[in-house]
Amino acid sequence: MIITSYSKTELAQIYIPNRSPEAARRTLMNWIHRNRPLKRALKKAGYRNENRIFTPEQVRLICQYLGDP
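Residues numbered from 1 in each chain as written. Predicted model: local features only at pLDDT ≥ 70, side-chain atom pairs only at ≥ 80, totals over all residues. Heavy atoms only, no water.

**Notes on a nonpolar patch on the surface**
Stage number 1. Side chains of Met1, Ile3 and Ile14 sit close together on the surface and give an oily, nonpolar patch of about 240 Å² of accessible area.
Stage number 2. For Ile3, a relative accessible area of 41% puts it in the partly exposed group. (Patch = residues over 30% accessible without salt bridge, like charges linked within 9 Å, V, L, I, M, F, W, Y side chains within 5 Å. Areas by Shrake-Rupley, 256 points an atom, 1.4 Å probe, with all protein chains shown as cover. Salt bridge = Lys/Arg side-chain N within 4 Å of Asp/Glu carboxyl O. Buried < 20%, exposed > 50% of the residue type's maximum accessible area, 1.4 Å probe, protein only.)

Right, here's the structure in full:
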């Protein structure tokens with residue numbers, strides 16, 4: 001996977017390609033919110049719930065904690 005900035009929906013569709021964009025985004029965000037170590041790491045990397053875009057560092061953390069898509 002190329003580590004770059006992704007919108008929440010774009011990254012979700014990479015992880016969950018067989019769902020609608022909205023359902024994929026909701027699923028990815030549920031995975032993130034249930035993974036406390038990932039959530040803490042994202043917060044340290046500047047993530048806030050209001051953000052619409054994951055930075056490359058945040059994408060790297062998501063891949064590290066959730067595995068490559």
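From this point, the narrative continues.
**Details of the side chain of Thr27**
Stage number 1. Structurally, Thr27 is set in helix α2 (residues 21-34).
Stage number 2. Under the relative-accessibility criterion, Thr27 is labelled buried at 16%.
Stage number 3. Those residues in contact with Thr27, other than ones at most four positions away along the chain, are Ile16 and Arg19. (Helix = DSSP H or I, 4+ residues; strand = E, 2+ residues; numbered from the N terminus. Contact = heavy atoms within 4.5 Å.)

**Quick notes on the side chain of Ser7**
Stage number 1. With respect to the element layout, Ser7 can be found in strand β1 (residues 6-7).
Stage number 2. Ser7 gets classed as buried once you look at its relative accessible area, which sits at 18%.
Stage number 3. Sequence-distant contacts of Ser7, defined by excluding residues within four places in its chain, comprise Arg52, Ile53 and Phe54.

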